[in-house]
Structures are given as structure tokens and as C-alpha cells.
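Next come the chains, spelled out residue by residue.
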Amino acid sequence: MWDVIVVGGGFAGIHAAHTLEAQLPGARILVLEGADRLGGRARSVAVADGHALDLGAHYFGVRHRRVTDLARRLVGEAGIYSHIPCYGGDPACRTWLEGQWRVTTRSASYLNIQGLSRAVSWEHRVRIFESLLRYLELEARIDRERPWASPGAAALDAMTVEQWIASQRLPKWIHEMWTLAVLNIMSVWPRQLSLLYWLWYNATNDGFLKVADDYVDGPQEFCVTIGMQGLLERHAAELRGPVRLATKVAAIDRGAPDRVVVRTEHGETLVARRVIVAATPAACRRIEFTPALSPERELLHAQPVGHAAKAVLVYRGPWWHDARGVHFNVFSAGAEAEGIEWVLDTSHPDGRQHSLSAFVSDRLIDRAGPDPEARRRAVVAAMVELTGDPRAAEATAVHVHDWREQPLVGGGPNTCFGPGVLTRVGEALHRPEGARLWFTSSEHATEYTGYLEGALAAGERCGRAVARALAEELTIAARIEAAPPASGPRPLQRAGVRLLQGLMLPARLAADAARAVRGSEARL
């Protein structure tokens, strides 16, 4: 009998196994991965000698301490780099807003948010900050450990992000900027997403203003030269216990009082004292559970995943650094994008590779069909349209990966919690099913959910909990570490936001009066 079987060889599963081995040195841990490779939502592709780029999970920030520590230990400082030096001193963003392409430089944008232009009328400036402060006041309410217990959680969870945006008197382009924020971060539409979940997701990532910041101290600051899949493979190699690939789990039976039985799709039976399912909620639907899971867990597993495919286009040189005299680092296709949704410069600062990484609409992939070459041609054509530059067609390599076609993942990059889900799932997000079956993934994290750091945090938390339960059951010595303290609402941020809202009141009233005289919001 195994002490623990971990189902899933992504970052959450491998790190849960690593945590268990660290805290229970004598425990027998087995990791089962259904695919023929490790990685989960991490998938890397070689683009130059000794260098890989990512078609899945890609970035980490300086605040992501677990990923940072892992990368320093396993690849060293020389293997960690940032794309940001490639952006130049004042990079620009090309964005489709109010029916036309607009170019905004970083210095001409508010709060490092690409496209949030300072070059607008005073009324629009009032509307920008009125809306942002309204959002930040709500975000400050969120209990990151127990979001369903946040003040007003039920009302926030009953509303979609689209409904919240529409409830404000915003110029069209600011409405579109909010839509782009959801689309570019979550790869879902605001009409699909619970407002409570959107607030919680951003709150666990140090707030929306940090998530939207692609520069220094943001969550998209660093990468590793071997790619995130390579980093995970090195982490898995540290495990003492076996890691089995191409072993899909078909069924898990927790009916016995002292064990859990795992059956693979080939009929093999494995037995363990505890089982951790470290897979996306969507992937969990493929497993038959006996007895049935709780209604809350089933609801969690029923949530859809983001629609985006990811593409990496490699070029001989960074032509976008001199496009009609402008140095671009971001391209964004607008709130109704049907081709490429957004693009970021992912070149290496030493020039060993020049690349653009793109999130691609599912509609483009569906129109192109299943043929890989047709998809590559469609992505290149969409890149030319998005950038407005024929040099975008001169890619030396085009890699496209549709995560919807990976049944053990189900889509990308994140799970989409619809209205009313988070408050109903509640405590099931953290608790086991019975005493012996546990679940973990980045969706379960209460810090940096949706990022690699969240996957490591969730795996670590689950590993600690299972180690504690096993130690109590077997009365063995364990190196149990205390869990990090829970993080609740932020009253100081909320008070600061309310102070700023009060100071803005005269400007808001003046903007309201100007709109009343004109009969509509001013256009961009």
C-alpha cells in the first residue's frame, strides 16, 4: 500500500509530493501522470540552442517566492531572465478602441496599464479614476482566504463583471478597456465571469493594478531559459518516489474506511492511505468517483475553462522595436477580438531569440480547422492584421497550441467561475472529500491563484494537510510546518480608496453636469 498517490504531474502535484517527502521522510509517495510528459498547464518549445519558450504557463514575479526559490535552486541566476529590457525606455501599445487603432506609450498611460491613455479630456480622466476607485473599494473587501465570507459576497457573486461594468456611466472606450482586462487576464468574456471571483482572483495576486502591470515588480517579470516545463521536470527529478507517465486514472473509490483504491484506464489497481487529485477542475470530470463527490465539488468541476490557444512566433529580428518609428511591446485586438486577442514581446535581452507570444481566440482556431499548417497560416495572417506591419508575416517558426484539445487540462489559462458559484462552493475549495481524498490545483490557491506561484502554494498547502493527517494516523514523527496565516480584507486600502473618492466628488459632479448638458458621455 502506498501512503499517498498523487494524481497529476503538473506544478501543484509535483510540489505536493515534494512537500510530503520533506515533511514525512519515510512516506511512500507515488505520482501518476496521464500524459506522456510532465507539465500540466506548462508546455515548453525549443526556439534556440539551450533556450525554450512557453506555450502554457510562462511568467513569475519577484513576489512569487516559491517559483523564485525553485528557479534559483534548479537553474541558477544565469537561467533566469526578464523580457522587460527588450521593451526599451518608453514602449508602446497598439489597441483597437472605439472602432480604430490607437497607439499609447507607457509614459502616456496611467498606472502602467497599456492603452489607458492620459491624452484624454478631463471628463474621461474623471471617469477613469471614478471607475477604478469603485473597483478598488470592492477589491479591498475581499477575504482572500474565504472570499465567500467577504462583506456583500452574495450580491457580488450574483453579478457578472459585464453587469458591473454596464452599471457605470462610462465612455465606450473605458467600457472596452475593462472588457480587455478580463479577456487578456482570464481568456473569458466579462458576461461569463462572477464579479466576486474576478475580485478574488485579483486580490490574491496583490490586486488588479499589479496584475495589469507588465513591468518591473509585476507578475509577468521573469522567465527561465529552459522553459517552465523544463523547470518542472527538474523539480520532479528531486523526488525520491516514482513518477509514472502515461498512466491515466479512470476511477477513484474511497468507500473503504482505511484506504482509497485507484484504478487506471488499463485496469491496474493501486491502493493508498490518501489520494491527492492535482488536476484542473475540468480534468476531474474524466474520473469516476465512488461514492459521488459532494454537490459543491461537482459544481466546481463543472465550471468552464478559458478559451484561448497560445502561439509563439519567432523572428530573425525584433522588427516591432522600430515600427514606423515606434517601439512596441504590446498589441491588443480589442473587446470583440476574433483573431489574436493580445500579444507580448517575449524576446531574450541578449538577442539569442526574438519572439512574440500571443493569446489566440478560439474562433480563429475553429475557423482554421484541425490542420496544423492551416492554423499557423491563420495565426500569421492575424498577426499582420493586429500589428499593421507586413513584416509580421516573416516568422521563421510558428508554434500553436490549443489547450482545449488537451483532455487532461481542458482549456486555458484559467477556470471561469460563473455567477453564484464561489459562494456555493465555499469551504469545499479547501476541505477534502471525506478523510482520504484531497484536491489541489492553482484554482484552490488563496495566494497568486492562476499563476505558477498559486499552483505551488496550493500543492504545498495540500501536502502539509495530508502530511499532518498521515502523521496523526500512523503516530509517526513528521516535520510539520505551520501553515501561513490567512489573509483577510484590507481595511486600510478600503479607507484610502474612500478618501480618494471623497476628494474626487467635485470633479465627478462637474463631469456629470457636462454630460447632462451634452446628453451623452464624451467620445474618445
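In case you missed it, the structure is sitting above this.
Below, the structure is looked at part by part.

Criteria and thresholds
Residues numbered from 1 in each chain as written. Predicted model: local features only at pLDDT ≥ 70, side-chain atom pairs only at ≥ 80, totals over all residues. Heavy atoms only, no water. Buried < 20%, exposed > 50% of the residue type's maximum accessible area, 1.4 Å probe, protein only. Helix = DSSP H or I, 4+ residues; strand = E, 2+ residues; numbered from the N terminus. Pairing = 2+ DSSP bridges. Core = buried A, V, L, I, M, F, W, Y, C linked by side-chain atoms within 4.5 Å. Contact = heavy atoms within 4.5 Å. Phe/Tyr/Trp six-rings, centres within 6.5 Å; stacked < 30°, edge-to-face > 60°. Lys NZ or Arg CZ within 6 Å of the ring centre and 35° of its normal. Axes fitted to C-alpha atoms, helices over the stretch in contact; angles between N-to-C directions. Parallel < 35°, antiparallel > 145°, perpendicular 65-115°, else oblique. Left-handed = near helix turned anticlockwise from the far one by under 90°. Nonpolar A, V, L, I, M, F, W, Y, C, P; charged D, E, K, R; others polar.

1. So, the pairing of strand β4 (residues 51–54)
Okay, so step 1: A two-sided burial pattern is seen for β4, the buried positions comprising His51 and Leu53 on one face and Ala52 and Asp54 on the other.
Okay, so step 2: With 4 bridges connecting them, strand β3 (residues 44–48) and β4 associate as antiparallel partners. Of the residues in β4, the one forming a bridge with Ala48 is His51.
Okay, so step 3: Turn length for the β3-β4 hairpin, with the two strands adjacent in sequence and antiparallel, is 2 residues, and the turn residue Gly50 shows positive phi of about 70 degrees.

2. A look at the nonpolar core
Okay, so step 1: Core analysis: the biggest nonpolar cluster contains 55 residues, and Trp178, Leu193, Trp198 and Phe208 have the highest contact counts within it.
Okay, so step 2: Filtering out sequence-adjacent residues up to four positions away, Trp178 remains in contact with Ser131, Leu132, Tyr135, Trp164, Ile165, Leu170, Trp198 and Phe208.
Okay, so step 3: Among the nonpolar cores identified, the runner-up in size contains 39 residues, and Ile14, Ala71, Leu74 and Ala278 belong to it.

3. Some remarks on the environment of Trp198
Okay, so step 1: Inspection of the secondary structure puts Trp198 in helix α7 (residues 195–204).
Okay, so step 2: Sequence separation of Trp198 and Leu156 is 42 residues, and the distance between their C-alpha atoms is 9.8 Å.
Okay, so step 3: Excluding anything up to four places from it in sequence, Trp198 contacts Tyr135, Val161, Trp178, Ala181, Val182, Ile185, Met186, Leu193 and Phe208.

4. Observations regarding the packing of aromatic side chains
Okay, so step 1: According to the stated counting rule, one finds 19 aromatic pairs in the structure shown.
Okay, so step 2: For the pair Tyr110 and Phe129, a centre-to-centre distance of 5.0 Å together with 80 degrees between the ring planes defines the contact as edge-to-face. Residue Tyr110 is located in the loop between β7 (100–105) and α3 (122–139), and its partner Phe129 is located in helix α3; the two are separated by 19 residues in the primary sequence.
Okay, so step 3: Relative to Trp319, the ring of Tyr315 lies with its centre 5.6 Å away and its plane at 80 degrees, an arrangement referred to as edge-to-face. Side by side, Tyr315 and Trp319 carry an identical accessibility label, which is buried.
Okay, so step 4: A cation sits over an aromatic face here: Arg94 above Trp101, 4.1 Å from the ring centre.
Okay, so step 5: A cation sits over an aromatic face here: Arg106 above Tyr215, 3.8 Å from the ring centre.

5. Quick notes on the environment of Glu405
Okay, so step 1: Checked against the element boundaries, Glu405 lands in the loop between β18 (397–401) and α14 (421–425).
Okay, so step 2: Here the alpha-carbon distance between Glu405 and Ala309, two residues 96 residues apart in the chain, equals 9.6 Å.

6. Section: the packing of helix α6 (residues 172–186) against α7
Okay, so step 1: Look at α6 against α7: their axes get within 13 Å of each other, and the N-to-C directions meet at 65 degrees. Compared by their axis directions, α6 and α7 come out roughly perpendicular. At the point where α6 passes α7, the crossing takes the left-handed sense. In this structure, α6 contributes Trp178, Ala181, Val182, Ile185 and Met186 to the contact, and α7 contributes Tyr197, Trp198 and Tyr201.
Okay, so step 2: Across the contact of α6 with α7, the residue classes tally to 8 nonpolar, no polar and no charged.

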